[in-house]
Structures are given as structure tokens and as C-alpha cells.
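In case you want the letters, here they are:
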Amino acid sequence: MARRQLETGVKNVEFDEYKGYKLRVVSGYNALADNWPAHLYLTRPGKAEEKIKEYDVKSGNLADALNGGFAHGLRMIDAET
């Protein structure tokens, strides 16, 4: 596992591979809600990428949004393998 930042700025994207799965977390600032909603995408081995979850991070912190997305994705992968 070696998390990589693919984009930064208005939209922040981080990517990692774990146990043959690909995990991508996307977050961008929502000025109306004053938070960083995170979108979690998972690519299972041999399958197409699918959106798994979208959630708001109440702390209003980008790092929490990205870390929370990865934590959720890793728990899902561990449960499936």
C-alpha cells in the first residue's frame, strides 16, 4: 500500500491498491454546507469501478474526509477477503 495523491486543488483525489482491489477517494469543498464530502470508489479484481459511498465529514477537514474514505474502503476489502 502506498497512497498516491492524483489531484489537488478544487477536487482532491487519492488512490491506493490493496489485496488486488483499487480504492479511490475524491473530496472537494462544499461552501454551502461548509464541509468536505467524500466519495469512495472501489474496483474489485476483474470488475469495473463502482461508487460505494458518499458521505459528509462533519469536521470540515479535508484530511478527515480522505482518511475516513480510505478507512471505510479498507474495512470493506478486509471483510470481502
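Look above for the structure.
Owing to the predicted nature of the structure, the values given are computational and were not obtained by experimental measurement. Numbers given to residues run from 1 along each chain, matching the order in which its sequence is written. Given that this is a predicted model, residues contribute local features only at a pLDDT of at least 70 and side-chain atom pairs are listed and counted only at 80 or more, while totals for whole chains, interfaces and linings are drawn from all residues. As a rule here, side-chain values cover all heavy atoms of the structure and leave hydrogens and water aside.

> I would appreciate a short explanation of the overall build of the protein in the present structure.
Per the convention used, a helix needs a DSSP run of H or I reaching at least four residues, while a strand needs a run of E reaching at least two, with both numbered from the N terminus. A count of helical and extended segments in the protein gives one helix and five strands. Reading the helices (α) and strands (β) of the protein from amino to carboxyl end gives β-β-β-β-β-α. Against the 2.2 N^0.38 benchmark of 12 Å for 81 residues, the protein shows a C-alpha radius of gyration of 12 Å, consistent with a compact globule. When the backbone C-alpha atoms are referred to their principal axes, the protein occupies close to 40 × 20 × 20 Å. As a reference, a globule follows 2.2 Å times the number of residues to the power 0.38, and the radius of gyration itself is taken over C-alpha atoms.

> I tried to follow the environment of Glu-17 on my own but got confused; where do I start?
The topology assignment puts Glu-17 in strand β2 (residues 11–18). With 15 residues separating them in the primary sequence, Glu-17 and Ala-2 have C-alpha atoms 7.6 Å apart.

> Help me out: how do you make sense of the sheet that holds strand β3 (residues 21–28) in this one?
Strands belonging to one sheet form pairs held by backbone hydrogen bonds; the direction of such a pair is parallel or antiparallel. Strands were regarded as paired on the criterion that DSSP finds at least two bridges between them. One open sheet holds the five strands; their spatial order is β1-β2-β3-β4-β5, and the pairing between them is antiparallel. Two strands lie at the open edges of the sheet, namely β1 (4–7) and β5 (49–55), each paired on one side alone. Strand after strand, the sheet turns through a mean of 25° between neighbouring axes, direction not considered. Here β2 runs beside β3; their pairing, made up of eight bridges, is antiparallel. Residue pairing in the sheet places Asn-12 in a bridge with Ser-27 of β3. Here, two residues are considered to be in contact whenever any of their heavy atoms come within 4.5 Å of each other. Fitted lines through C-alpha atoms serve as axes, helices being fitted only where they are in contact, and the angles separating the N-to-C directions of these axes extend from 0 to 180 degrees. Lying over the sheet, helix α1 (residues 62–80) contacts β2, β3, β4 (38–43) and β5, oriented at roughly 155° with respect to β3.

> In this structure, what is going on with α1? I would like to understand it.
Counting along an α-helix, one turn takes 3.6 residues, and residues three or four places apart therefore face a common direction. For α1, which comprises 19 residues, the first-to-last C-alpha distance of 28 Å matches the rise-based estimate of 27 Å (1.5 Å per residue) to within 8%. Burial classes: relative accessible area under 20% of the type maximum marks a residue as buried, over 50% as exposed, and values in between as partly exposed (1.4 Å probe, protein chains only). Residues of α1 that are buried: Ala-65, Leu-66, Gly-69, Phe-70, Gly-73, Met-76 and Ile-77. Looking down the long axis of α1, one finds its buried residues gathered within 125° of arc, a one-sided arrangement. Those residues of α1 that are exposed and aimed more than 90 degrees away from the buried face are Arg-75 and Ala-79. If you follow the buried residues of α1, they end up packed against β2, β3, β4 and β5. A helix is expected to span 1.5 Å for every residue after the first. Throughout, the arc means that of the directions going from the helix axis to the C-beta atoms.

> Sorry, what's going on with unusual backbone geometry here?
With the exception of glycine, most residues fall at negative phi, and the peptide bonds are largely trans. The phi dihedral of Lys-19 falls on the positive side, at around 55°, and the residue is not glycine. Secondary-structure assignment places Lys-19 in the loop between β2 and β3. A relative accessible area of 47% means that Lys-19 is categorised as partly exposed. We note that Asp-34 has phi near 55°; this positive angle belongs to a residue other than glycine. Looking at the element boundaries, Asp-34 is found in the loop between β3 and β4.

Just geometry here; none of it tells us what the structure is for.
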